[in-house]
Amino acid sequence: LVGVTAEPLSLPLGYPVYVGTGLLPEAGAIVAAAAPAHRYAVVSDDTVAALHADTVLASLPSDRTRLFSIPPGESEKTRERWIELTDALFAWGAGRDTTIVALGGGVIGDLAGFVAATFMRGVRVVQVPTTLLAMVDAAVGGKTGVDTRHGKNLVGAFHDPSAVVMATETLATLPPAVFRSGLAEMLKHGIVADSAVFDAVLAALPDIARDGAFSPHLPALVADSVRIKASVVAKDAREGGLRQTLNFGHTIAHAVEHAMAYRMLHGEAVAVGMVVEARIAERLGIAEEGTASLIESALAKAGLPISIPDGLDPMELVAGTHGDKKNRGGSVRYALPSKVGTMWRGDGSWSTVVVDDVAHSALIASSRR
Ligand code: NAD
Ligand code: GLY
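Quick summary incoming for the structure in this document. (Residues numbered from 1 in each chain as written. Chains lettered and ligands numbered in written order. Predicted model: local features only at pLDDT ≥ 70, side-chain atom pairs only at ≥ 80, totals over all residues. Heavy atoms only, no water.)

## Describing the pattern of salt bridges
So, step 1. Applying the stated rule across the entire model yields 16 salt bridges.
So, step 2. Across the salt bridge formed by Asp147 and Lys77, the nearest N and O atoms sit 3.8 Å from each other. A residue pair is termed long-range when its members are at least 10 positions apart, and Asp147 in strand β6 (residues 143-148) and Lys77 in the loop between β3 (65-70) and α3 (79-92) qualify at 70 residues.
So, step 3. Since its relative accessible area comes to 2%, Lys77 is described here as buried.
So, step 4. In this structure, Lys152 engages Glu257 in a salt bridge whose closest nitrogen and oxygen atoms are separated by 3.6 Å. Of this pair, Lys152 sits in strand β7 (residues 151-158) while Glu257 sits in helix α9 (residues 250-259), and the two are 105 residues apart along the sequence. Each of the two residues, Lys152 as well as Glu257, counts as buried. (Salt bridge = Lys/Arg side-chain N within 4 Å of Asp/Glu carboxyl O. Helix = DSSP H or I, 4+ residues; strand = E, 2+ residues; numbered from the N terminus. Buried < 20%, exposed > 50% of the residue type's maximum accessible area, 1.4 Å probe, protein only.)

Below, the structure is given as structure tokens:
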């Protein structure tokens, strides 16, 4: 790419993914090379914009670039914000020759990605994730969308980015809990595809706890996680089969997030969800004994929650899983591990039906006593 010094990762994707410390000032050059446009719309949230937008704006042509910022938080990933952003783009005079730059965590990535997927039937988007979770998961793979009162991510589109810029120095400004929630998805990638990655994240946790965003291990671990995600989405972009494995922990997580009215971080809910779902897998005889406790202890070491939040009723959560869009034909399907590093594949499918009683007993076992 012209004017870009860093090398992208070698991945089986149709777009470059850059990971490195100190990359943010290069964002504009990467955007201009991968998705050149007449106008550049940088979409962010107010927290991220205050910290990092200046660097990105300075790297793009000032007369053809504008910042569009919304309040932070999952509760903003809505159709109402999609309308507002779309209308603001039209009011600015944006047309098909516009590239959207999504600067923020997974909320901004999903929302700005959905604006890009739909604006005049689709314009290009470059993802510039600023949370660990968005780097290792949300920014790669092309899922975009918004939440509805019926559940998370229920309205959306697949829309691949033209490039992804992971500037790990942006992680230095993250609140510790938000940083840690990304560790949940990194451990998830190890669980679903590669026990060596799980072990590497686990081994690096003390260093990461000490050095945070500047841990020398971080760029390589982010890259490992992205490689796993990329190899899955390259084989199954539309989640016909294998991609379901990336939903490990998410059926319970979505029910927990919904019951918590989205006051819990996504990665924290995924941590709890992985413990519960690993217990489900053990109860069904799908997972090796000890899998759930191995996962639970790794998540606890990462400082992540491992029990369902106080006050949530397991029965209500079971009911909540029925609202999850992964369900087909009225039954609740889960993607489950057979052990750390390997997902279970029974009779040709990567997910299996779980009856409510089993989910309920695993939820009770994961409640604080
Ligand atoms: P988020 O985007 O809400 O970010 C969390 C908080 O961190 C926000 O308050 C934000 O303002 C703040 N923040 C972000 N970057 C910061 C920085 N560098 N410094 C200081 N503060 C910063 O949440 P998230 O955890 O990044 O993402 C969760 C979302 O991602 C969920 O909506 C989830 O559904 C989605 N997701 C999507 C995919 C996908 O494949 N598309 C995958 C996983 C998760
Ligand atoms: N986060 C799961 C997926 O991208 O499929």
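Here the narrative resumes, following the displayed structure.
## Quick look at the sheet that holds strand β8 (residues 163-167)
So, step 1. Spatial ordering of the open sheet is given by β1-β8-β5-β4-β2-β3, a layout of six strands whose pairing is parallel. This sheet does not close on itself; its edge strands, each paired only once, are β1 (17-20) and β3. Each adjacent strand pair in this sheet contributes to an overall mean axis angle of 15°, direction not counted.
So, step 2. Strands β2 (39-45), β3 and β4 (98-104) of the sheet are contacted by helix α2 (residues 46-58), whose axis makes an angle of about 150° with β2. (Pairing = 2+ DSSP bridges. Axes fitted to C-alpha atoms, helices over the stretch in contact; angles between N-to-C directions. Contact = heavy atoms within 4.5 Å.)

## Focus: the site of ligand 2
So, step 1. Around ligand 2, the neighbouring residues are Asp137, Lys143, Lys229, Glu239, Arg243, Leu246 and Asn247.
So, step 2. With respect to ligand 2, the side chain of Lys229 contributes an N or O atom lying 2.6 Å from an oxygen atom.
So, step 3. When ligand 2 sits alone it has 190 Å² of accessible area, and the protein chains cover 89% of it. (Near = heavy atom within 4 Å. Polar contact = N/O pair within 3.5 Å; in protein donor to acceptor, adjacent residues only side chain to side chain. Areas by Shrake-Rupley, 256 points an atom, 1.4 Å probe, with all protein chains shown as cover.)

## Topic: the site of ligand 1
So, step 1. Around ligand 1 sit 27 residues, and of these Glu74, Thr130, Thr131, Lys152 and Thr173 come closest.
So, step 2. Take Val107: an N or O atom from its main chain is 3.0 Å from an oxygen atom of ligand 1.
So, step 3. One nitrogen or oxygen atom from the main chain of Lys143 is found 3.0 Å from a nitrogen atom belonging to ligand 1.
So, step 4. Starting from 860 Å² of accessible surface for ligand 1 in isolation, the protein chains cover 92%.
So, step 5. For the shell around ligand 1, the secondary structure elements donating two or more residues are α2, α4 (106-118), α5 (132-138) and β7.
So, step 6. Ranked by the residues each element gives to the shell around ligand 1, the list is headed by α2, at four residues.
So, step 7. Per-class residue counts for the shell around ligand 1 are nine nonpolar, 10 polar and eight charged. (Nonpolar A, V, L, I, M, F, W, Y, C, P; charged D, E, K, R; others polar.)

## As for the nonpolar core
So, step 1. Counting 81 residues, the largest nonpolar core has Val17, Leu132, Met166, Val222 and Ile280 as its most contacted members.
So, step 2. No other element matches helix α10 (residues 266-283), which puts 10 residues into this core.
So, step 3. Setting aside its immediate chain neighbours within four residues, Leu132 contacts Leu171, Leu174, Phe179, Gly182, Leu183, Met186, Leu218 and Val222. (Core = buried A, V, L, I, M, F, W, Y, C linked by side-chain atoms within 4.5 Å.)

## Quick look at helix α7 (residues 195-211)
So, step 1. Here α7 spans 24 Å end to end across 17 residues, near enough to the 24 Å set by a 1.5 Å rise per residue.
So, step 2. The sharpest bend along α7 comes to roughly 50°, located at Leu205, with the proline Pro206 sitting one to four residues further on.
So, step 3. All of the buried residues along α7 are Val197, Phe198, Val201, Ala204, Leu205 and Ile208.
So, step 4. Packing partners of the buried residues in α7 comprise α6 (176-193), α8 (218-235) and α11 (291-301).
So, step 5. After α7 finishes, the residue Gly212 shows a positive phi value of roughly 55°. (Expected span 1.5 Å × (residues − 1). Bend = angle between axes of the 7 residues up to and from the residue.)

## Observations regarding the packing of aromatic side chains
So, step 1. If you walk through the whole model with that rule in mind, you get three aromatic pairs.
So, step 2. Measuring from ring centre to ring centre gives 5.5 Å for Phe68 and Trp92, while their planes differ by 65°; the resulting arrangement is edge-to-face. In this pair, Phe68 is assigned in strand β3 and Trp92 in helix α3, connecting sequence segments 24 residues apart.
So, step 3. With a relative accessible area of 12%, Trp92 lands in the buried category.
So, step 4. With centroids separated by 5.8 Å and ring planes inclined at 35°, the aromatic side chains of Trp82 and Phe114 adopt a geometry described as tilted. Of this pair, Trp82 sits in helix α3 while Phe114 sits in helix α4, placing them 32 residues apart in sequence.
So, step 5. On the basis of relative accessibility, which here comes to 7%, the residue Phe114 falls in the buried class. (Phe/Tyr/Trp six-rings, centres within 6.5 Å; stacked < 30°, edge-to-face > 60°.)

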